[in-house]
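Examination of the molecular architecture
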Amino acid sequence: MTTAILIIAHTPLAHALRDCVLHVYPDAYNDVLAVDVLPHESPEVTIETVRRVLDNTPHSATLILTDMFGATPCNVAQKMLDGIHTRLVAGANLPMLLRAVNYRHEPLDVLATRAMNGGMQCIMQVAVTAPLNQNRTHHNYHDQKHHHHQQ
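Predicted model, so just to flag it, every value in this text is computed and none were measured.

In the structure shown here, the tally under the stated rule is 5 salt bridges. We note a salt bridge from Arg 51 to Glu 48, for which the minimum N-O separation is 3.2 Å. In this pair, Arg 51 and Glu 48 are both assigned in helix H2 (residues 43-55), 3 residues apart and thus about one turn of the helix distant. Residue classification places Arg 51 among the partly exposed positions, given a relative accessible area of 35%. For the salt bridge of Arg 87 with Asp 109, the shortest nitrogen-to-oxygen distance reads 2.6 Å. With Arg 87 in strand S4 (residues 86-90) and Asp 109 in helix H5 (residues 108-121), this residue pair connects regions lying 22 residues apart in the sequence. Judged by its relative accessible area of 45%, Asp 109 falls in the partly exposed class. Taken together, the salt bridges that share partners define one network made up of Asp 27, Asp 31 and Arg 104.

Time to look at the sheet that holds strand S3 (residues 62-66). Strands sit in the order S2-S1-S3-S4 across an open sheet of 4 strands; the sheet is parallel. For this open sheet the edge positions go to strand S2 (32-37) and S4, each flanked by a neighbour on one side alone. Adjacent strand axes in the sheet meet at a mean angle of 20° when their direction is disregarded. Bridge analysis of S3 against S4 gives 5 bridges, and the strand direction is parallel. Within the sheet, the bridge partner assigned to Thr 66 lies in S4 and is Ala 90. Sheet strands in contact with helix H1 (residues 13-24) are strand S1 (4-10) and S2, and its direction is about 155° off that of S2.

To continue, consider the packing of H2 against helix H3 (residues 72-80). Packing of H2 against H3 leaves a shortest axis separation of 10 Å and a crossing angle of 55°. With respect to H3, the axis of H2 lies oblique. Here H2 and H3 pass one another in a crossing that is right-handed. Taken together, the residues of H3 that come into contact with H2 (itself represented by Pro 43, Thr 46, Ile 47, Val 50, Arg 51 and Leu 54) are Thr 72, Val 76, Lys 79 and Met 80.

The element S3 is extensively covered by neighbouring structure, given that 5 of its 5 residues are classed as buried. Burial along S3 is two-sided: Thr 62, Ile 64 and Thr 66 facing one way and Leu 63 and Leu 65 facing the other are all buried. Here 5 bridges tie S1 to S3, and the two strands are oriented parallel to one another. When the sheet's bridge partners are listed, Ile 8 is paired in S3 with Thr 66. In this view, the connection linking S3 to its parallel neighbour S4 by way of H3 has right-handed handedness.

This part covers the environment of Ile 64. Looking at the secondary structure, you find Ile 64 in strand S3. Taking the C-alpha atoms as reference points, Ile 64 and Val 32, separated by 32 residues in sequence, lie 10.0 Å from one another. Not counting residues within four places of it along the chain, the set of residues in contact with Ile 64 comprises Leu 6, Ile 8, Ala 77, Met 80, Leu 81, Arg 87, Leu 88 and Val 89.

What follows covers the packing of aromatic side chains. Tallying each qualifying case throughout the model produces 0 aromatic pairs. Over the ring of Tyr 29 we find Arg 18; its NZ or CZ atom is 4.6 Å from the centre of that ring. Sitting over the ring of Tyr 103, Arg 114 keeps its end group 4.0 Å from the ring centre.

Thresholds applied
- Residues numbered from 1 in each chain as written.
- Predicted model: local features only at pLDDT ≥ 70, side-chain atom pairs only at ≥ 80, totals over all residues.
- Heavy atoms only, no water.
- Salt bridge = Lys/Arg side-chain N within 4 Å of Asp/Glu carboxyl O.
- Helix = DSSP H or I, 4+ residues; strand = E, 2+ residues; numbered from the N terminus.
- Buried < 20%, exposed > 50% of the residue type's maximum accessible area, 1.4 Å probe, protein only.
- Pairing = 2+ DSSP bridges.
- Axes fitted to C-alpha atoms, helices over the stretch in contact; angles between N-to-C directions.
- Contact = heavy atoms within 4.5 Å.
- Parallel < 35°, antiparallel > 145°, perpendicular 65-115°, else oblique.
- Left-handed = near helix turned anticlockwise from the far one by under 90°.
- Right-handed = clockwise from strand over helix to strand, strands pointing away.
- Phe/Tyr/Trp six-rings, centres within 6.5 Å; stacked < 30°, edge-to-face > 60°.
- Lys NZ or Arg CZ within 6 Å of the ring centre and 35° of its normal.

Written out as structure tokens, the structure is:
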């Protein structure tokens, strides 16, 4: 059986991440759930919303992903944890979510670890390189007389 993946994040991030992942994995429609935390909504209202979502899923296990530790989405998610059928990972990003969906058939503990690794491995500083087959010229780009425009 697959594990449900529930994204709880500040609006509109939860549904935006879900939409992105469904673009890649449309077959995960019933496995990826989202709850956006609205501004000025009390944590109690959000808890009830999350509880309804979890009560309506046929999955026996749920990996909960939140946008950041210590904020309302994570605090709400912590109240949903039972230590057996749910795991929580904070710091959700798209690579983390894609990894989780790809491995949603694995045991919950393994899935949580894969999600964290996927999120961390895709954070990198990307070096600036010259486009292929073009010589890089050294100009003072702040000097408007020598500024070249490319189209």
